[in-house]
Amino acid sequence: MSMKPTYEELQQKIESLQKQINDARLYQENLKETQAALRKSEDLAAKLIAAIPDVVVVIDMQGRVQYINDVVLPLGGYHPSEIIGKNVLEFVVPEDHEKVMHSALPALPRQTGPKRFWLITQKGEKRLFEAKDDVLQLENGAPYSYISVLRDVTDRDRTERERASLQERLHRAEKMEALGTL
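Predicted, not measured: the structure shown is a model, and the values here were computed from it.

Participant: Would you mind going over the pairing of strand E2 (residues 65–68) with me for this structure?
Facilitator: The side chains of a regular strand alternate between the sheet's two faces. Note: strand E1 (residues 55–60) against E2, three bridges, orientation antiparallel. When the bridges of E2 are listed, Ile59 appears paired with Val65. Taking the residues that link successive antiparallel strands as the turn, the E1-E2 hairpin has four residues, and the phi of Gly63 there is positive, at about 90°.

What follows is the structure, encoded as structure tokens:
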């Protein structure tokens with residue numbers, strides 16, 4: 001024998017359902033606002049990365065490239081699709097492998113840099129890059145990737161070395177002139 005619910009019980013169930021419906025509506029509204037904010041944030045990040053004149057690369061904990069911006073094309077001759085998924089060491093001169101590996105230790109919980117190392121372009125040319133890195137972490141602090149901003153400093157380095165060489169030669173010439181005067 002089933003008992004029919006009372007008016008008060010039905011009214012309580014209706015009020016409970018209305019509260020659940022209102023909560024679901026609020027949740028939906030909050031979800032839409034959150035999604036819109038996320039899209040806006042992603043758009044800003046994409047435009048910022050596109051505006052950076054340097055190579056921006058994200059590398060997973062195993063050393064595989066997860067993301068690289070299009071700046072790599074004019075600098076290294078590679079299309080991003082030729083780099084993504086490959087180990088970053090494939091593009092580093094062998095002499096600098098240890099330097100790159102040491103700077104990418106998983107225990108490194110802070111920004112590093114700038115550091116310099118040589119990369120190999122698609123044509124086999126060596127280019128000197130200066131890198132500034134940071135570790136991307138989960139909420140619990142566990143690292144999951146590295147982000148690195150690389151600047152080609154090959155020409156600047158060459159100019160600095162030439163200037164230092166000229167200064168040294170000038171200094172030697174001044175010394176010879178001083179000796180000749182004596």
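After that view of the structure, there is still more to cover.
Participant: What's the story with the confidence of the model for the protein chain in this structure? I'm lost.
Facilitator: Low pLDDT marks stretches whose predicted atomic positions should not be read closely. In this model, the protein chain carries an average pLDDT of 86, and 92% of its residues clear a pLDDT of 70 or more. Ranking the elements of the protein chain by mean pLDDT puts helix H4 (residues 97–103) last with 78 and E2 first with 94.

Participant: Sorry if this is basic, but what is going on with the pattern of salt bridges here?
Facilitator: Any two side chains of opposite charge can pair, given that their charged atoms come close. Counted under the stated rule, the structure contains 14 salt bridges. Two residues, Arg127 and Asp155, come together in a salt bridge whose shortest N-O distance is 3.9 Å. Here Asp155 lies in helix H5 (residues 154–181) and Arg127 lies in strand E4 (residues 126–137), a separation of 28 residues in the sequence. With a shortest N-O distance of 3.2 Å, Arg156 and Glu130 are connected by a salt bridge. Taken together, the residues Arg156 in helix H5 and Glu130 in strand E4 connect sequence positions 26 residues apart. The class of Arg156 is partly exposed, set by a relative accessible area of 37%. A single network of salt bridges, built from pairs that share partners, joins Glu125, Arg127, Asp152, Asp155 and Arg158.

Participant: When you look at the packing of aromatic side chains in this model, what are you seeing that I'm missing?
Facilitator: To describe a pair of aromatic rings, you give the distance between the ring centres and the angle between the ring planes. Under the criterion given, the structure shown has one aromatic pair. On the numbers, 5.1 Å between centres and 85° between planes, the contact of Tyr78 with Phe91 is edge-to-face. Linking Tyr78 in the loop between helix H2 (72–76) and helix H3 (80–83) with Phe91 in the loop between H3 and H4, this pair joins segments that are 13 residues apart in sequence. Here Tyr78 matches Phe91 in class, with each residue buried.

Participant: How do you make sense of the nonpolar core when you look at a structure like this?
Facilitator: Core analysis: the largest hydrophobic core is formed by 19 residues, its most contacted members being Ile68, Ile83 and Leu150. Of all the elements in the fold, those that place two or more residues in this core are E1, E2, strand E3 (112–120) and E4. Among the elements that take part in this core, E1 stands out by supplying three residues, more than any other. Apart from residues no more than four positions distant in its own chain, Ile68 is found in contact with Val55, Val56, Val57, Pro80, Ile83 and Ile84.

Scoring rules and cut-offs
Residues numbered from 1 in each chain as written. Predicted model: local features only at pLDDT ≥ 70, side-chain atom pairs only at ≥ 80, totals over all residues. Heavy atoms only, no water. Pairing = 2+ DSSP bridges. Helix = DSSP H or I, 4+ residues; strand = E, 2+ residues; numbered from the N terminus. pLDDT = per-residue confidence, 0-100. Salt bridge = Lys/Arg side-chain N within 4 Å of Asp/Glu carboxyl O. Buried < 20%, exposed > 50% of the residue type's maximum accessible area, 1.4 Å probe, protein only. Phe/Tyr/Trp six-rings, centres within 6.5 Å; stacked < 30°, edge-to-face > 60°. Core = buried A, V, L, I, M, F, W, Y, C linked by side-chain atoms within 4.5 Å. Contact = heavy atoms within 4.5 Å.

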